Every structure is written in C-alpha cells, then in structure tokens.
Amino acid sequence: MAGASVKVAVRVRPFNSREMSKESKCIIQMSGNTTTIINPKVPKETKSFSFDYSYWSHTSPEDINYASQRQVYRDIGDEMLLHAFEGYNVCIFAYGQTGAGKSYTMMGKQETDQQGIIPQLCEDLFTKINHSNTDNSMSYSVEVSYMEIYCERVRDLLNPKNKGNLRVREHPLLGPYVEDLSKLAVMSYNDIQDLMDSGNKARTVAATNMNETSSRSHAVFNIIFTQRRHDSETDNVSEKVSKISLVDLAGSERADSTGAKGTRLKEGANINKSLTTLGKVISALAEVDSGSNKNKKKKKVESFIPYRDSVLTWLLRENLGGNSRTAMVAALSPADINYDETLSTLRYADRAKQIRCNAVINEDPNNRLVRELKEEVSRLKDLLYAQGLGDIIEMTNAMTGMSPSPTLSALSSRAGSITSLHERIMFSPGSEEAIERLKETEKIIAELNETWEEKLRRTEAIRMDREALLAEMGVAMREDGGTVGVFSPKKTPHLVNLNEDPLMSECLLYYIKDGTTRVGREDAHTRQDIVLSGHFIKDEHCIFTCSSDPMGEAVILEPCEGADTYVNGKKVTEPTVLRSGNRIIMGKSHVFRFNHPEQARAERDRTPYAETPAEPVDWAFAQRELLEKQGIDMKQEMDQRLQELEDQYRKEREEANNLLEQQRLDYESRLEALQKQVDRYYPEAHEEEEEPEEEVPWTERETELALWAFRKWRSYQFTSLRDLLWGNAIFLKEANAISVELKKKVQFQFVLLTDTLYSPLPPELLPAEAAEERERSPFPRTIVAVEVQDEKNGATHYWTLEKLRQRLDLMREMYDRVAEVPSSVIEDCDSVLTGGDPFYDRFPWFRLVGRAFVYLSNLLYPVPLVHRVSVVSERGEVKGFLRVAVQAISADEEAPDYGSGVRQSGTAKISFEDQQFEKFQAESCPAGLSHAGHSQEELRIVEGEGQNSDTVPSADEVNNNTCAAEPEDLDSPVKSGLDGVLDHLRIGELFTFRVTVLQASNISSEYADIFCQFNFIHRHDEAFSTEPLKNTGRGPPLGFYHVQNIAVEVTKSFVEYIKAQPIVFEVFGHYQKQPFPPLCKDLISPLRPCRRQFPRVMPLSKPVPATKLTTLVRPTAGPCHCKYDLMVFFEICELEANGDYIPAAVDHRGGMPCHGTFLLHQGIQRRVTVTIVHESGGDIKWKEVRELVVGRIRNTPEADESIIDPNILSLNILSAGYVRPSPDDRTFYRFEAAWDSSMHNSLLLNRVTPYGEKIYMTLSAYLEMESCTQPTVITKDFCMLFYSRDAKLSASRSIRSLFSSGSLRSSEGNRVTGVYELSMCHVADAASPGMQRRRRRVLDTSVAYVRGEENLAGWRPRSDSLILDHQWELDKLSLLQEVEKTRHYLLLREKLESTLLLSQEAPSSCAGEDPTESSSPSAHAARGLGPEGEPTPDTPSQRQRELTAKCLRLLTHTFNRDYSHVCVSASESKLSEMSVTLMKDSTSGSALNTLTPSSTCPSLVEGHYGSNTELRPTMPCSRAVSPNPDSMPEGEVKKSPVVAPEPRPKSHTFVPDIQEIRVSPIVSKKGYLHFLEPHTNGWVKRYVVVRRPYVYIYNSDREPVERAILNLSSAQVEYSEDQQAMLKTPYTFAVCTEHRGILLRASNDKEMHDWLYAFNPLLAGSIRSKLSRRRTAQMRL
C-alpha cells in the first residue's frame, strides 16, 4: 500500500437560498469521474478535470445520479477504515469555499441518512470491533481528541478547562503534537457521538453573507486506534497503532462576497492564511512528485515544503505526503456567481491529486520480524511435507528438552537408521538446504523470543566463567566487572620483573605453562611464549620446562647456546632446577624473580633455602649479588672514575682562569690608552672640578624658607612609598595566592594611611623611629600598610609590611603542612577561628563608624549652640550625623528634660596645664613662616608641579589664623578681652560647661549597637562614653541624651583651646554584615574623581605611528609654561561632478558634542581637511605639518592598539597655512590632504557598509611648532558609513531642529569637532635631583611569578594609582575638616547677630565689651551690622590696614591662580587706599557690594588684558567676543601668511603635548544668552550648553557643530551690581579668560542666578548668601 497517491473526490451541492434569490445558473457538469466547469461569461469556454470520484448531489435524492451521504462514505470511508485496521495512518479532509458543504460532508446532520463521513466511520469502526471479539487473541482500544484551529490558535473542544491557547510542540520521534490536548478513551459509538456533539457545540461558527452557519475554524477529529495480538506460542504481544485524522476545514472566502467586517474580516484573513499555506504545501509536494517522475535520470527537484508557516499544515505534516493514507473531498458551489471560487477549488484538488504518500504499517519492528520469520518457518515446513520429510518435523516437535535447532545426527538417531535417513535426504532435491534454513530460522525466533531475564542469566554465567579464568591467571576483577590489577596466581609458577624504580617493580607477570615455555626475541624463527628485547637477548634465549614429579611440579631452566643467563648471580650453562625466590637475570637488563606458589606453600614450614636471602629481594639486591658472584669491585671502579673527572675539571678551570686574566690585562691597557686620550683633549676638566664653589649669601628670610622646604621634603614620602609598593608587591601576591589555594577567604591589598584628625595612626602601625619622630615632625606621616579583608568574619585589619613578612613565613609553613593533614581536619580548622592561624587576627566587637569634631568657640561669649556635625570615616565617607549641644552653665545647674530621659554622668573636673598644651600646639602647628603669616598646614606637592606658597592661604587664616598668627595677635583683642571683659573666663577661676550628646541619625543598619565617646584632642586617655543603643537604620534618630558637665580651672591654654581646637567625637558600632566583594574587586573598582572635579583628560586612541618620521625620544617635561584650548574641525570632502571638493554629509543624531558619522560615497576621490582654532598668543605658532597618517580601520569603536597595523597610510599634504575669517579674531590654521581609501586594501572601505554596521578609522596629524623640541600630534577617531556611488545623502536632523527657527548652512554642519588641550612645558633639567630621582630604576616585583598566581582571577597589587587616590582622599578629608570648621563659625556668627540685635537697648554694653572681637573675621562683620552706638574711626589703624590687605589677597586667591600676577602688579599704596575706602564704608548698608568678586578682577574695570598686555585704563565695558554665524565661509576664507610681527628667534625649549578632552555627558544647563558684540556694542543671542568644565557655544539650538568653547577651569566668573548700574543693563555677568573678557546677559534674575550656578556654583552660593543677609539686615533695621 506504500507509495499511493492521495484520493481526491469532488462533490457539488444544490443551490442555497442566496443563490436562488439571485437566480443563479449551474455551471458544473459531471460525467463519470470527470468534472466540467463552464465560464458564465464565455459559455463556450469549458475546463474539465478528472478525479477519483465525482459526486453529483445538486439534484434531489430521486435523481438516479444523485450521490448520497452513504455512497460518499462507501467510496471513501470504507477504504480508509480498512487501511486503519491494516495499521496505516488515515486522513480525510474536506476543502472548499465557505458554504460549499464541507461540514455537511464530514459531519452531516442528525437525521437518518444525513450523517457524514465522521459519524459513519466511527459507527463502522465499533461494528467491526464487535465482530472481531470472537478471536480471543485480539484486543482493541480507541481514544479520541477533538480540537479546532481558530485564528492560528489551537483550542481543545473536549475539555472545557483548557480554554486557553494550546502550544504546538514537535517530538523527534512522534513529530508535531499539541501539548495538553485531551485524549479520551471510548468504549462504544455512543461515547464518540456524545463527544462529537459537545465538541460541535463548542466550535466557533458565525453568519456571513454566503452561509448562515459558517465554520470560522478548522476542526480536527483524531481517533487513535490500537490493535493488540497475543501470540500463544511465543507468549509475545504485538501492537498496531493507527491514527485516523478527520479534518473539516474552514471555508476559503473573499471579503466582498462574505461581507466580512471587523472580527469576521480578521477571522477570514487567518483562515485564508492557513489555507494559502496548505495550498503552497500541496503545490510543493506535487512539484516534488512530478519532478521526480519526469526527471528520473536528472537530479531530484529540491523544494522547500513550508509546513511551519501555519499551525494547520504543521499538524497535518504526516498526512500530507508522509506516513498516511489520505483522501480529500472538495466541496463545490454550482452557482455562476461563485465561478472564480469554484474554479480555484478544482485546481486546488487537481494539484492535490499528484501528491504521493509513503504509508507504512505502524507496528513494532521486532514483532514484525517475528511475524515474517514465522511465515518463513511455515513455508519451509510446507516444503518439507511436500517432499515427504514430515516425519522429521514431527520427531523434532515430539522431543522435549531439545534445542529448536537439533543437529542432523541427533535427528537421525531418534528416527532410526542413519543410512536410510541420508538416503531419503539425498534422493530429495533441495531438502538439505531447506532443513538448514529451517534450523536457522527457528534459532533466530528463539533468540528474539528470549526474555530479558534469560539474557541476564546467560550473561552472568559467562562473566563468572571469565572471572574464574582470569583469577587463575592472576588478574583481579571488581564486582562491577572492571579490572583492578594483577596479583600472583595461587597455583601457576610465574616470573615477576624487578626494576631499578621501585614503582615499576613487580608490574609484569610471565606465566610458565605446563610443558615448554620459550623465551626470546620477537623475530625468532620459532614463536616465543615470552618476548623480550635488548642487545644481549638472543633470538632463542632460554627454555622453561614445567614437569610433574612425585614431589610436585618442578620448573627447569635450560639456557640456549651463547645466551647470558644468571641464576642467583651465577651464570648457568646447563639445565637448572629453579626454586621459588630465585633471581634470574637474562642478558644485561632483564631481572626477574621466580615464584612457585605450590612450592613456597610446601616449604613454608621448613627451613628456608640456603641461598634465599632474609632481606627484601629487589633489583639492587640482584645487581649486588651479581657483582659479588662475578668478582667485580664496584666501589673501586667508581673511585677511579671520580678521580678522572676531578683531574679533568682541575685542568679546565686552570685554562679558564688563564684566559680571564689575559682578557683583564687587555681591557686595562685599553682603558689606560683611552684615559690618556681624554686627558690630552680635556686637560682643564680636573682644574674646574677642583675649584671651590662660591657660597651664596642668603638673607634671613631665604634661610627660613630653605629650612621650611628642607623639613617639608624630608617628610615628603610619596617617592619612597612608591618604592615600598613596588618592592613588596611579590609578598602581597604570594599571600593572596596562598589564601585562595587554602580557601581562607582573606584578601590582602596595599593601603596608604596618613596620620590625620579623621584617621589617626595607631602606635602598632608606626615603626619605632617613626614613633619618636612623630612628636618632632611638623607634617603628618604617611605609611604603607596592608589592608587585610577577612570575608569570613566581616572584619578589616591593617598590618605593617614587617608583620606581613612574618605572617607570610607562617603561611608558607601552613601551606607545606596541608598535604600531610586530612581534608576533614582542614575543614574543621576553618570553621573555628583560632589564634594560631596566620591569616586571621582577633577583631573587636565594636568597630569605628567615624569621627566628628565639635568646636567650642561659643564658650567665649558665652552663647549656647547646637551642632549637627558629620560623622566621617577614615576614607572620607559621611556615615551619619551627630547632634551635640555645648553651653556654659553654672556649677549647680540641672540638665534639661528631653522627654526620653536624661542620662547624666555627673561633673568631671579636667585640668589644662599650659606646658602640656604648648607642647601639643607645637607638635600640631610648629613655628615656621610665622612672620609672613603663611599656612603651616600640609601642602602636598605632586612631583612635577609647583606650588606658590606666597599666594595660598590656609583655612586657619580664614578662620581666625590661630595656628600661625603672630605673637602680638594673641595679645591685642583676645588678651584684653580676657583681662577685662570676659568675666566668666577669668584665669584661675572655675568654669563649668555642658556637653550634651543629643541624637545620632542616618547611621547605616549595618551597625547594630551604637555608642559614642568623646575627648579633648590632646587628652586621648580621658574619654567620656554614652550607653549603646539599638540601631535599625529606620525610624526616628537615635536619642542618646547624654549630659556631661565638665569643670575646668581657666588657664591660658584652656582659652587657646576653646578658640581653635575641637572636641573629638568617635561613634562605634557592632558590624553585622559581610562587606567585601570578590578578590578581583580592584580590577573593576570605579575610577575616583580627579582633583579638578571633571572627567579626566585622556585621548580616545593612541596616535597612529608615523611612517616618515624617525622615532624621537620624548624629553622629560618640566614645569608647564602655558596651556591653550584647541577646537579642531575635521571635514572629509568628496569630488563633485563640477570638479569641486565639498564636505561630505555628517550625521549628528547622537546629540553629544565632538561626535558625528561621516556619510560617504563609494568610489569617489576624497580629501581630509583639518582646521585648528585657538586664541591668539605669542607662545603658540604652527610651523608646518610634518605628516598626516590614517590607520586602524575597524568596525568596532575599540581598537586593538597592541597589534601592528599593516594598512597605515601617509597622506599627501596639499596645502597648509593660516586663514583669517573676517569677523573672528581667533587664530585659524588649516591644512588639507588627499585620501585614497583604496590604498588601505581594506574590505571595510571598499564596499557598501551593511545595515547596522559602522566603520571606524583613526587619524593622526604630526605638526611642528616653533620653539618646540619635537612635533606634536593630534589624534581623532572617525566614524563613517559608505553608501553606493549614486546614493542621495543628507545629514539627518533631529525633530527639534525641524521646528526651530533660523537657517543653517549644510556645509557648516558637515564637520566633526574635537576639543584638545595643548600644554607647552619647559624641558626638564637632566642634572636636577628631581630628574635623577625620576630616572632612578625601581625594582618592580609585581611582575614576578609566584606559585598559584593563576588562581587570582586577574588580581594585581596596587601601585602608583594608590598614591594618586590617597592624595585625593587626603584632599577630601581636609575639605571636610574645613567645612565643619566654617559651618561652626557661620553658626556662631548667626547666633551672635541675633544676640546683638536683641541687645540694641543697651548699646553701652555692646560698645566696648563685645566678645566677638576676638573670635574670627566673621565676628567683625557681625559687629559692623550692630547698633550705631560706637562711632567708627575715620582713620583705620595699622592692624586694620593689614587685615584689609589680607582679605583682599584672600578674595583674589579664591579665583584661578593665573590672575595672581594681576593683583601682585597693583602697588601697596593701591591696596592701602582700597583698604581705607573699605573701612570707611564698612558701616554703610551697601558695604556688601564692594566685597563682590568684581573688585578683584581688573578685566571689567581696567579693560581687556592678555598674557603679554599691561594693565591700561580703557572703557568700563570689557571686550566680549562671540561666534559669528557666518564665520569661516568658504568664499571668504583667505589663506595668507602669518600677519603677526616676526618674533624674536627662540631656541627649542618647550615640550608640546596635545590631549583630546573627553566630553562630559552631564549637562549642567543649556539655553540662550546674550553676548556683548565688541565691534558694534550690541547684544547678540547665542545658544549655550554647559558641560563642565567646558561651555559650548552655538549660533542656535538647532546647530549641531560647536562655534566656540570656554574652559571654566581656567576662567574667572564675575558678578557686580556696580557694573550693572554703570552699564545700565540688568542681569549681566562676565567671564574672564586669560585672553579675553566676555560680558553676558540673561533674560531675568532667576535665569542669571541659574547660569551663575552652572558656571561657578561657589560664586552663586556666596552671592545668594550675601543677598539674603542684606535683606535680613534691612528687615531688622
């Protein structure tokens, strides 16, 4: 039945009501199996089709040609049901347009004779099953499933719970199936009928114009029919499974015919989709079958069958051209109005007729083989019966206990005479072959019918026999059958090998079998039983003979002629009887021991054999025995050989010494000759060296500076720290490797610790000499320590380098002992923390959270203050806040009630001794540059950078200048106040004050129990502590409410302490979390922000190596001379049809400055144009372009710079020179080069770029500058897209730009900008100590390999980056300390202001007794705003002049240091005049205006200035330059030589360096600002974007290319109300750079302050603070 075609039948239905109402005509004619369709438009045009069946159901049942439901079933259903009983898969599906009668044909109706194919087939199925029940060997089972495919979703019609979409899966063996589809077992036709009724009710039907009950889904009714047959002879059960698929397809339809809308239209689309896919599948299958038939000799037609395009075709894959017997019923409409649909259905059915299905019977292959073999046995038996040999078969069947395949002799003996049997067989032709085939067949049947248990039993018996045989041979087996090894057999005599290596001894066994066992080489004439190899082994070496005698088995060794054979050290030439334990040597290298188990067992109780040694018999024993028996003295031979080697060594050493001596004499003579030549040419060199150096006379000031510098650099340790880091890296790496290998969960890493207020160094971390110098050193000490992170216990320890080395020795010992200790013991040791483990330290229960400082200056006045101070960790992280109240009280005053209960610890009496405090003050702030009033605070100087100590004030100068003040400063206001005014602080009296620890907030929940302790900064041994509190990290702050009264006898040291020194508060907590990341955390740790607070300046790519320039050694750069900001425009120009080169389009859709994608055409000549724009200056002058190279062509943004690029191309420079755009006074330098991309031989450049890919390229321009030692290089990464040659391209714009106003020239936007920083540094002096120290080689041990380094997962010890990060941390700690101090003074000033205002009614008490006079400069300001009780003197004192000049210097310093020369140039008289004016106006309400930053910048007052321009009075308005929208037009750009005057000849003294600036992604502010135009004095509107530290200026918000930039890190932002009044223009402020001043105007006051905040947040904050204080003062007045 395999390989049959699909059965196709067509059936035409009667007219329906719709067709009758339209008076349709019948266009279908049937004659036999031929169906003809008539074209209603052209009646003469007919088309005929031939099918397997053509059913005429158009007329009534009375018509003789009428095809009823029963007839259709008899033709199709009966045949398919028969195939199902035979074991084939069966499928029947109906196809046609909607309303053509498909459901009627398949399902029918409930009336009699109206049932369709499905009900009739199910009924006949059970009828045949019932008729077959008489055969007891047969059993049947039927399972049904019913599903519908609606809108490409499968729904179960028989299970109401499965309402969702069922998934269609595919099994490798079962094929496609529906997951979770219900398969229900049925026992009768009634069960199936009930299930069909419930499923039909659940189907999706709807009314259309063509059918009132149109099926809107495909229905698939599956019947799984299983037949089981029991074979009583073999007791075997065989199965045949048939799958009957009955499919009712939804009708194909047209939207206009059915009137489908909305949901019906979507349903129709999905129906047509699945039916279209079904048509494609049928067409593809028909083409495959027809192609294979037509082209039998050609290659088979290959076509893809799109089964997966639809769920329907996927599920029916096996029924369409697969393992199935398939029938198709095409339902036709007879009406002429459906001509197109009917013709399509006929063609559809005609194609399906060509499909061939390869159906097979679904049964077990084993059962099928047994069945076929039984048929073969029956045929052979019939053949033997026909030849008269049936009695042989009967005898065979009568035998019991015989094999089903008896031998011919056994059968003959049972039959009678052998002679007669042979005669019968001989006279029967073919009978012998038939009997042999019969036996073979019966044997195969017996093997197939053998049960699994019988096979296991037979296998086990064979295994036991094999193990017994191997055990006798000496091979041991495991229980599972695996080989364990070789052991001595219990009975068989054998030889075992002896080897010089003990591990190789007794590994080979040679069995001596009964009889003769030959020993020899493999290539002997006679086969040898034991094969040996070697120079002294003969082809036939010896023979072992094993014979039996009355005493037992005896083995005799008989050597062959000329063979070297030794037994127990004696050479044997005659047969020798062997005893167990004899040593046998064959040749020179084969040593054996003979073992005879039976003989050894018999002699076990007797005296051992005389020649059998008592010591272990091994290879050494056998060799020693051989030498003794042969008379060879081995020791004498070894001594003789050793003496010969010593004589040879002595002779060679003497020859080498003579040769070295001769070479030394030759080199000395050459050196003497060279020295004589040097002395001849340079005779004066020695004379100059002998001249004594002249002593330079130093002034007292210079001597003091030199001493300070010496002390500073003596304590400067960062260079030595670098040596320690690199030199000890190998120890750190080894400790980490051992920790990982031993699974200790401990990580070691370098850390720098500095003795600061926030992070004091414990004594155990300081060496002995450092602890002694700690008291004398004026600067805090920094040490290299090891941070030990204990991940198991969540603790952190710090070790010294010496402790690390000591612990490392213990770690090595532990690592060496690991191999000797069992793993279980190691795990037990890891679980318990012991003191003997070198990896761990004991850790305290409480850990330090952080420190805070509370200043006591308010006790001078006295006023109570409540401080909210930050709790800062040792790393500078704010861990929380602490609220502390400090106030002066009387001795008997009680603590206030805070509601939660006051915890008062009584009154503690503390003494302040002047000598002790002076010692502490000398340690913390020694006398250094006190006469000049400069800071003694640590000013860290990074190598290579200078520090101007004259212009850098300290925080102490700002906050009262207590530490480095002159001696008279302490005696004038403070001392007078102490003597006469401050009654509560009289020296010698008892003063009581209260410190109340109120609350702690924002402490992390990692710390469970929190407590606080505090002490004076010089009294670490006397601390006051609070009670621990539970911390949850949530809810209200932790309320300590701890009150501590402190009584002090007032001394001068106590007054000095409360003026400047704080109380130290330390917060502790119990840590309860594992904070440490994995071991490789240092590789992925985020970058710390740099000191300039903006992204680091680093190039995106390294420069492309030059091809024409020689590799120059970059000289070491010294101090920086100047810096310039460069803005570089990059353009790629393409050749147009008119011969001009125009810039290619650039896509700026990224939105980031300095980014863009060049859109290029394939195969067009190009040029690269680079324009450098910068401020004009005499230090920078471009000389020529040495080379322009491009390379690193890639399709990823990152480039592998370690690989040498072979495709680097040097471009031909076409032109280079300065250009002068008319409206701009900046310097423009432009150069252009030709670029032929085909010369790169890169596929990426020679093709159209695929979608989603971009091409990247790196360009480097080597430029030579005047006064520079070597060329500098500008590098830029290009992003490009290549299109076809004729593609029309235009740069894409954003939606915002489409709706913006203004116009933009396309050529100006077709370029990419780059921002660079040019640094010109002096060449460093090679002979300076700093240069020699930098060139000093440091032993870097971090690259040395240690055992286990590969387990560290990329971890590396930290080195130079740790020093930079630590410097940043020190800056952060210093800033935090200054912030806390400033916050205290501001809080105190505000408190004093409120106190003074409340006491206006008593001006006399405020006039002479104001204690704020001695507090800080802020107190003077507060006093100026007080009542007018005391008259202000007209002439200020000398002290006031000095303070005023100092304030002016401080205000000048708050801006960039580049402007210090401007303020220094002002004369002292100028400063004094300004100070007098300031003091005269100090009491007026507008005094705050004169202290604005504008008074410190002469750019707005005294005109524009440059680097070489002197100050000169000009108009009050500074010259502001703004970009012009028409800058650099192509038509107006004129190349001209340098117009600047010729500079004086300069030597090459500078080292240039250009670095590309990475654009910050953070936008501080963007919007429009008005710029003052310098030529017209008019305001021009520009679009400004602030990305700190740069300001990018555009003509409008839609412009993608930057026109100008401002560097805020080197600019000065100014704001002055006087300037606004003078210009009569509000909302203005200025930005002053080194080369120009720019005046800006905002739209309103809020915008102005927002812009000020974006440009300079500190200035904006100070302005708002001053304005708010002014408003407050005016309101109070």
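K.L.:
Would you mind showing me how to read the overall build of the protein chain here?
P.N.:
Within the protein chain one finds 44 helices and 64 strands. Counting over 1677 residues, the protein chain shows a buried share of 44%. Long-range contacts, defined as pairs at least 24 residues apart, comprise 71% of the intrachain contacts of the protein chain with a sequence gap of at least 6. Of the accessible surface of the protein chain, which amounts to about 89500 Å², a share of 52% is contributed by carbon and sulfur atoms.

K.L.:
How should I be thinking about the nonpolar core in this particular structure?
P.N.:
What tends to happen in soluble globular proteins is that the nonpolar side chains get buried as a cluster. Ranked by size, the top nonpolar core spans 53 residues in total, and within it L882, F993, F1016 and F1065 carry the most contacts. Once you skip the residues sitting within four places of it in the chain, F1016 turns out to touch L856, I910, F912, F993, I1046, Y1057 and I1063.

K.L.:
Honestly, the packing of aromatic side chains in this entry has me stumped. Any pointers?
P.N.:
Pairs of aromatic rings are described using the distance from one ring centre to the other and the angle between the two planes. Summed over all chains, the structure comprises 32 aromatic pairs. Measuring from ring centre to ring centre gives 5.8 Å for Y140 and F225, while their planes differ by 5°; the resulting arrangement is stacked. Placement of Y140 in strand β8 (residues 138-150) and of F225 in strand β15 (residues 218-231) is noted, with a sequence separation of 85 residues between them. Feature note: the residues F912, F991, F993, F1016, F1054 and Y1057 constitute an aromatic cluster, connected by ring pairs. Positioned above the aromatic ring of W1235, the side-chain terminus of R1166 is 5.6 Å from the ring centre. A cation sits over an aromatic face here: R1641 above W1579, 5.0 Å from the ring centre.

K.L.:
Looking at this model, I keep getting lost on unusual backbone geometry. Mind explaining?
P.N.:
Backbone phi values are negative for most residues with the exception of glycine, while trans is the configuration of most peptide bonds. In this structure, the amide linkage connecting Y861 to the following residue, P862, adopts the cis form with an omega of -20°. The topology assignment puts P862 in the loop between β35 (847-855) and β36 (865-872). For the bond from R1588 to P1589, the omega torsion is 10°, close enough to zero to count as cis. Locating P1589 in the fold gives a position in the loop between β59 (1579-1587) and β60 (1590-1594).

K.L.:
Help me understand the packing of helix α43 (residues 1645-1655) against helix α44 (residues 1657-1676) in this model?
P.N.:
To describe two helices that pack against each other, one gives the angle between their axes and the distance between the axes. Relative orientation of the contacting elements α43 and α44 amounts to 140°, with a least axis distance of 5 Å. In terms of their interaxial angle, α43 and α44 are classed as oblique. Only P1657, A1660, I1663, R1664 and L1667 of α44 make contact with α43, whose side of the interface consists of H1649, D1650, L1652, Y1653 and F1655. The class makeup of the residues in the contact of α43 with α44 is seven nonpolar, one polar and two charged.

K.L.:
Can you help me understand the pattern of salt bridges in this one?
P.N.:
When their charged atoms lie close together, side chains carrying opposite charge are able to pair. In the structure shown here, the tally under the stated rule is 53 salt bridges. A salt bridge links E239 to R228, with the shortest nitrogen-to-oxygen separation between them at 3.0 Å. Placement of E239 in strand β16 (residues 236-248) and of R228 in strand β15 is noted, with a sequence separation of eleven residues between them. E239 gets classed as partly exposed once you look at its relative accessible area, which sits at 33%. Across the salt bridge formed by E874 and R851, the nearest N and O atoms sit 4.0 Å from each other. Separated by 23 residues along the polypeptide, E874 in the loop between β36 and β37 (878-889) and R851 in strand β35 bring together distant segments of the chain. Here the salt bridges share partners, and the residues they tie into one network are E170, R308 and R317.

K.L.:
So what exactly am I meant to see when it comes to the sheet that holds strand β62 (residues 1612-1614) here?
P.N.:
Spatial ordering of the open sheet is given by β61-β60-β59-β58-β64-β63-β62, a layout of seven strands whose pairing is antiparallel. The sheet is open, and its two borders are formed by β61 (1604-1607) and β62, each paired with just one other strand. Shown here is a sheet whose adjacent strand axes are inclined to one another by a mean of 35°, direction ignored. Pairing geometry for strand β63 (residues 1628-1632) and strand β64 (residues 1637-1641), over five bridges, is antiparallel. What sits directly across from A1630, in β64, is L1639. α43 rests against β58 (1565-1572), β59, β60, β62, β63 and β64 of the sheet, and its axis sits at about 105° to β58.

K.L.:
Which parts of the structure should I look at to understand the sheet that holds strand β31 (residues 590-595)?
P.N.:
Strand pairing in a sheet is mediated by backbone hydrogen bonds. Such pairs are either parallel or antiparallel. The antiparallel open sheet is built from six strands, whose spatial order is β22-β21-β31-β30-β27-β28. Strands with a single pairing partner mark the edges of an open sheet, and in this sheet they are β22 (509-511) and β28 (570-571). Of the pairings in the sheet, the one linking strand β30 (residues 583-586) to β31 comprises four bridges and is antiparallel in character. Residue M586 lies in a different strand from β31, and its bridge partner there is H590. Along the sheet, helix α17 (residues 619-630) makes contact with β21 (494-498), β27 (565-567), β28, β30 and β31, crossing β30 at roughly 75°.

K.L.:
Could you clarify how one ought to interpret the environment of L285 in this entry?
P.N.:
Looking at the element boundaries, L285 is found in helix α7 (residues 263-294). By relative accessible area, L285 is classed as buried at 9%. For the pair L285 and I305, spaced 20 residues apart in sequence, the C-alpha to C-alpha distance is 7.2 Å. Those residues in contact with L285 that sit more than four places away from it in its chain are I305, Y307, L320, G321 and I355.

Conventions we followed
- By convention here, each chain's residues receive numbers from 1 onward along its written sequence.
- Residue-level local features of this predicted model are given only where pLDDT is at least 70; pairs of side-chain atoms are given and counted only at 80 or more, and the full residue set underlies all totals for whole chains, interfaces and linings.
- Hydrogens and water are ignored here; the side-chain numbers use all heavy atoms of the structure.
- Helix and strand labels come from DSSP, where a helix needs a run of H or I of at least four residues and a strand needs a run of E of at least two; each type is numbered from the N terminus.
- The classification of residues rests on relative accessible area computed with a 1.4 Å probe and restricted to protein chains. Under 20% of the type maximum is buried, over 50% is exposed, and intermediate values are partly exposed.
- Contacts: residue pairs with any heavy atoms within 4.5 Å of one another.
- Here, Shrake-Rupley sampling with a 1.4 Å probe gives the accessible areas, and only protein chains in the shown set may cover a residue.
- Throughout this description, the term nonpolar core refers to a set of buried Ala, Val, Leu, Ile, Met, Phe, Trp, Tyr and Cys residues connected via side-chain atoms within 4.5 Å.
- Two rings from Phe, Tyr or Trp (for Trp, the six-membered ring) form a pair when their centres sit within 6.5 Å of each other. Planes less than 30 degrees apart are called stacked, planes more than 60 degrees apart edge-to-face, and all others tilted.
- Counted as over-ring charges are cases with an Arg CZ or a Lys NZ within 6 Å of the ring centre that also lie within 35 degrees of the ring normal.
- What counts as an axis is a line fitted to C-alpha atoms, over the stretch in contact for a helix, and the angles between N-to-C directions run from 0 to 180 degrees.
- Should an angle fall under 35 degrees it is called roughly parallel, over 145 degrees roughly antiparallel, and 65 to 115 degrees roughly perpendicular, with every other angle called oblique.
- For this scheme, ten residues count as nonpolar: Ala, Val, Leu, Ile, Met, Phe, Trp, Tyr, Cys and Pro. Four count as charged, namely Asp, Glu, Lys and Arg, and the remainder, Gly too, count as polar.
- What makes a salt bridge here is a side-chain nitrogen of Lys or Arg within 4 Å of a carboxyl oxygen of Asp or Glu, nothing more.
- Note on pairing: DSSP must find at least two bridges between two strands before they are called paired.

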